[in-house]
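# Chains, contacts and geometry: an overview
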Amino acid sequence: MNTMNFLVTLTILSFTLATIIAPTQAQLSLTYYATTCPNFVNITRSVIQAAITREPRMAASLIRLHFHDCFVQGCDASILLDDTSTIQSEKNAGPNANSARGFDVIEAAKLAVERVCPGVVSCADVLTLAARESSFALGGPTWNLRFGRRDSTTANFAVANTDLPGPSSTLQGLINAFARKGLTVTQMVALSGAHTLGQAQCSLFRSRIYGNANIDPIFANNTRRACPQSGGDSNLSPLDVQTPTRFDNNYYRNLVARRGLLQSDQVLASGTTNATVVRYSNNPATFTVDFANAMVRMSEIAPIVRPNGIVRRVCSAIN
């Protein structure tokens, strides 16, 4: 094969691989709503910022809601659907029941958008944008988002119970869970940094603060005040005790000091991920860049795009 034929063949092969690897991402666009709903971002941002001003914890809840959506059959707003005779809601799955929140904020943002651009903007895109605005509202990074996701007409209760990592996940379990969604180990560690914000219920970390050797004893004793050995299951403690309502890299500093609240957090400061944890603890700028890039990648997990899916007018129900 001569040089020219080789280059042509290589070009064709590269194009073919690109269309195989990222066909859906190619259909998402930075300017998707430029003509059909040009004020989508500003309208949504206003609702999200108001909600976070009222309750700063809401930022963490909305980022988590986006994560829990994308890890179950892709970023399709399936987590927002209520139970019906034909839908078993993901809201009632173990990782979401009595803990996933922010549904009312997404509905409020969607309603505000619908008033201006009825039937145009998907709930999946509203939720994706809400996660970005939540980061920025508390001092975290922002990032460019491609839009054009469509909404699912189904939910997957079973996958929500199996594919969402839990608070007692092992390091290998976390690596495997993220790898199944096409995310690298570094992206997994960066995305875990969302726990720089928010709180967790006592029932999720009780086993860590009582009898776990890999924990700072002062941190354990202080945390026990809000989480007794029995009772108080819904009592809340901050995932980052220093700055629970400010996006920063204290989460990683806590892991280095053995002050991770959840076992699934603390395991990151071991094995193959420890070096990344240390790097982020020392370099906040590196963390924020990696977090933003990882959020973009997560937001494009298996999106539904035209001609499939629908645009739900109300996020909790099929049209």
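Residues numbered from 1 in each chain as written. Predicted model: local features only at pLDDT ≥ 70, side-chain atom pairs only at ≥ 80, totals over all residues. Heavy atoms only, no water.

The name an unreviewed UniProt entry assigns to the protein is Peroxidase, from the organism Castilleja foliolosa. Per its UniProt entry, the protein bears the Subcellular location (unreviewed entry) comment "Secreted". (UniProt positions renumbered as here; feature names shortened; annotations may be inferred.)

### Overview of the packing of aromatic side chains
Two descriptors summarise a pair of aromatic rings, namely the distance from one centre to the other and the angle between the planes of the rings. Overall, the coordinates contain 15 aromatic pairs when judged by the stated rule. Relative to F178, the ring of F67 has its centre 6.0 Å away and its plane inclined at 15°; by these criteria the two rings are stacked. Within this pair, whereas F67 is found in helix α3 (residues 58-70), its partner F178 is found in helix α7 (residues 171-179), the two being separated by 111 residues in sequence. With respect to burial, F67 and F178 carry one shared label: buried. Considering the side-chain rings of Y252 and F287, the 4.9 Å spacing of their centres and the 70° angle between planes classify their relative orientation as edge-to-face. Placement of Y252 in helix α11 (residues 250-256) and of F287 in helix α14 (residues 284-299) is noted, with a sequence separation of 35 residues between them. By relative accessible area, which is 0% here, Y252 ends up buried. For F287, a relative accessible area of 0% gives the class buried. (Phe/Tyr/Trp six-rings, centres within 6.5 Å; stacked < 30°, edge-to-face > 60°. Helix = DSSP H or I, 4+ residues; strand = E, 2+ residues; numbered from the N terminus. Buried < 20%, exposed > 50% of the residue type's maximum accessible area, 1.4 Å probe, protein only.)

### Comments concerning helix α8 (residues 185-192)
Of all eight residues in α8, six are buried, a share of seventy percent or more. Elements in contact with the buried residues of α8: α7, α11, α13 (274-282) and α14. (Contact = heavy atoms within 4.5 Å.)

### Notes on the UniProt feature "binding site: Ca(2+) 2" (unreviewed entry) in the protein
The sites that UniProt annotates as "binding site: Ca(2+) 2" (unreviewed entry) are T196, D240, T243 and D248. The annotated residues occupy 53 residues of the chain but converge on a single region, no pair of C-alpha atoms lying more than 9.6 Å apart. Take D240: it is sitting in the loop between β2 (236-238) and α11. Not counting chain neighbours up to four residues away, the residues in contact with D240 comprise H195, T196, D248, N250, Y251 and N254. Looking at D248, the relative accessible area reads 13%, which means it is buried. Sequence-distant contacts of D248, defined by excluding residues within four places in its chain, comprise T196, D240, T243 and F287. There is a polar contact of 3.0 Å between the side chain of D248 and the side chain of T196. (Polar contact = N/O pair within 3.5 Å; in protein donor to acceptor, adjacent residues only side chain to side chain.)

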